[in-house]
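# Report on the structure
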Amino acid sequence: SSCSSFFFLLSSCAGMNRRDGSTTSLKSLSDVDVKGLEVTEGSRRRVKDEEEEEDLVNQVIEVLKQEEATSEEGRKIRNKGKIASKQRPPFSSTVSRYWIKVCLRVRVYDVHRAAVAVKRYMEWRNTFGINEHNLQQDETLIALVRLGVIEAPCFQDKEGHHIIIIRMRCADPSRFTPEDAVRSVHTAIEYAFLRFPESQHAGLGFMVDMRKVSMSNMDIRVPRALLSAFSNNLPVRFGAAYLINPPTFMGIGLSVLKVFLRKKLQERVHIIKGDVARSGNMIERYFIRSQLPEDMGGHVAYNHTTYCEAVQAIHTHYPSPESILDHPSHLQILSLPAFVCSGCDWVHCHHCKTKAMLENEDDEKKNGADSEENDMDDGESQDVVSDSLLAFEFTVTGENMPSKSRSNSLSSKSSLTSSVDN
């Protein structure tokens, strides 16, 4: 199962009833390239420790160097007797180690597949103009992100996939191009990877909210553009898709087309009908009720403004968005939750687990605190903030903190989080 098949499914159904009354011919699902995009049991394995990952990153770089050496020999043969063209720096020396790690996790630590994935992704990023069309320069992308067509609350389904929501009723094809839509989805995926690194190997889920949607919100070109981007370029594991109240014609089309999909994809594409805010709705098969947004009867209070601020901070670091992890003030913005769960006590809830951990650390601190610890000077207070950001940075990167820094940061992180919640 794959993102490419899913977006092809959407584009096929959308094409069944176009505004001009025409229909589109259906391409065989077997023609869609889905190699390397499956979610397998291996994706459920834990992320390897720092030392193992660093060793695998070096192996990927060696594979890239070998490919470059082969390509260089071929170039010399082709250019023999000609004026040598201007050489660019070797790709293996410029590619980010962070994105190599992402591709390794997505490709279940297969070195050769990860090498192919990171090369394709970086080439696509350049040719698609991701670095140029960012939230610091592209006013159209800024408007689209703020409009809220794509939301990234990143709450979780029962399988542990972090969810990105597509609000179809907010879409306006007259203002935005399919390329704008792809960049907006990419912005949300990049945010999810940086904010919740476990989503890299566990997979992302996509919730397409079609409540109150009309034909004026639909553009058949958008699913096709997403299909093109996802099929071979973006390193993303497709966890699940939830289609909320699709229009009648699309619901019928999806039900028919699902029959022709592979079994694994059928199991991951879910059509949910009825009032999702009511207790007993079929959406509860896939989500703990408290993990749903408030407009769907859940407890997740999503703050789109916080999300917009976080992705704008990420884009200030383009063409190396991962460098936000080394920037204290921007890292603090990224660490703010885009949603706040009111306390569902679900075992997999990221917010509840973090909150419980911090409360336990706070209790231990209070029980063992001396009177001197209550009288911090300004310098010590500044150290607390630094330790808090350090703790979040090591959480995001998956690295192991020094024991002394960890103990200091966990206790200080509690006070920082409580102030944010207040």
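Described in the following lines is the structure provided in the data block. Computed from a predicted model, the values in this text were never measured in an experiment.

Our next topic: the overall build of the protein. When helices and strands are counted, the protein shows 16 helices and seven strands. Evaluated residue by residue, the protein yields a buried proportion of 51% over its 422 residues. Sequence separation of at least 24 residues holds for 75% of the intrachain contacts in the protein that already meet a minimum separation of 6. For the protein, the exposed area adds up to about 20500 Å²; of that, 49% sits on carbon and sulfur atoms.

A few words now on a negative patch on the surface. A cluster of like negative charges, contributed by Asp49, Glu51, Glu52 and Asp55, occupies part of the molecular surface. Residue position: Glu52 is located in helix H2 (residues 50-78). Under the relative-accessibility criterion, Glu52 is labelled partly exposed at 34%.

In this section: the pairing of strand S2 (residues 162-167). Summarising burial for S2: six of the six residues are buried, a large majority. Of the pairings in the sheet, the one linking strand S1 (residues 150-151) to S2 comprises two bridges and is antiparallel in character. Its bridge partner lying in S2, Glu151 is registered against Ile165. As paired strands, S2 and strand S3 (residues 204-209) are joined by six bridges and run parallel to one another. Considered in S3, the bridge of Arg167 is made with Asp209.

All right, on to the packing of aromatic side chains then. What the rule picks out here adds up to 10 aromatic pairs. Between Tyr121 and Trp124, the aromatic rings sit 6.3 Å apart at their centres with planes inclined by 25°, giving stacked as the arrangement. Here Trp124 and Tyr121 lie together in helix H5 (residues 111-127), a separation of three residues that amounts to about one turn. By the burial criterion, Tyr121 is buried, and Trp124 matches it. Look at Phe206 and Phe238: their rings are 6.4 Å apart centre to centre, the planes differ by 20°, and that puts the pair in the stacked class. Highlighted residues: Phe206 in strand S3 and Phe238 in strand S4 (residues 238-244), separated in sequence by 32 residues. By relative accessible area, which is 0% here, Phe238 ends up buried. Put simply, the rings of Tyr98, Trp99, Tyr121, Trp124 and Phe128 pair up and form one aromatic cluster. Above the ring of Tyr318, the side-chain terminus of Arg125 is found at 4.8 Å from the ring centroid. Above the plane of the ring of Phe196 lies Arg195, whose end atom (NZ or CZ) is 4.9 Å from the centre.

With that settled, consider the packing of helix H7 (residues 178-195) against helix H9 (residues 221-232). Their axes nearest at 9 Å, the elements H7 and H9 cross at an angle of 50°. Considering their axes alone, H7 and H9 lie oblique with respect to each other. H7 and H9 meet at a crossing whose hand is right-handed. Across the interface between the two elements, Pro178, Ala181, Val182, Val185 and Ile189 from H7 touch Arg221, Val222, Ala225, Leu226, Ala229 and Phe230 from H9. Taken together, the residues of the contact of H7 with H9 break down into 10 nonpolar, no polar and one charged.

Bringing the packing of helix H6 (residues 139-147) against H7 into the picture now. Direction vectors running N to C along H6 and H7 enclose 60°, while the axes themselves pass 10 Å from each other. Two packed elements cross with a definite hand, and for H6 against H7 that hand is right-handed. Contacts from Thr140, Leu141, Leu144 and Val145 in H6 reach Asp180, Ala181, Arg183 and Ser184 in H7. Of the residues assigned to the contact of H6 with H7, the class counts are four nonpolar, two polar and two charged.

One finds Ile189 and Tyr191 to be the most contacted residues of the largest nonpolar core, which totals 77 residues. Not counting residues up to four positions away in its chain, the partners in contact with Ile189 are Ile164, Leu204, Phe206, Phe230, Leu234 and Val236. The next biggest cluster of nonpolar side chains, apart from the first, holds 15 residues, and it includes Ile163, Ala240, Tyr242 and Val276.

Thresholds applied
- Residues numbered from 1 in each chain as written.
- Predicted model: local features only at pLDDT ≥ 70, side-chain atom pairs only at ≥ 80, totals over all residues.
- Heavy atoms only, no water.
- Helix = DSSP H or I, 4+ residues; strand = E, 2+ residues; numbered from the N terminus.
- Buried < 20%, exposed > 50% of the residue type's maximum accessible area, 1.4 Å probe, protein only.
- Contact = heavy atoms within 4.5 Å.
- Areas by Shrake-Rupley, 256 points an atom, 1.4 Å probe, with all protein chains shown as cover.
- Patch = residues over 30% accessible without salt bridge, like charges linked within 9 Å, V, L, I, M, F, W, Y side chains within 5 Å.
- Salt bridge = Lys/Arg side-chain N within 4 Å of Asp/Glu carboxyl O.
- Lys, Arg positive; Asp, Glu negative; His and termini not counted.
- Charge placed at Lys NZ, Arg CZ, Asp CG, Glu CD.
- Pairing = 2+ DSSP bridges.
- Phe/Tyr/Trp six-rings, centres within 6.5 Å; stacked < 30°, edge-to-face > 60°.
- Lys NZ or Arg CZ within 6 Å of the ring centre and 35° of its normal.
- Axes fitted to C-alpha atoms, helices over the stretch in contact; angles between N-to-C directions.
- Parallel < 35°, antiparallel > 145°, perpendicular 65-115°, else oblique.
- Left-handed = near helix turned anticlockwise from the far one by under 90°.
- Nonpolar A, V, L, I, M, F, W, Y, C, P; charged D, E, K, R; others polar.
- Core = buried A, V, L, I, M, F, W, Y, C linked by side-chain atoms within 4.5 Å.

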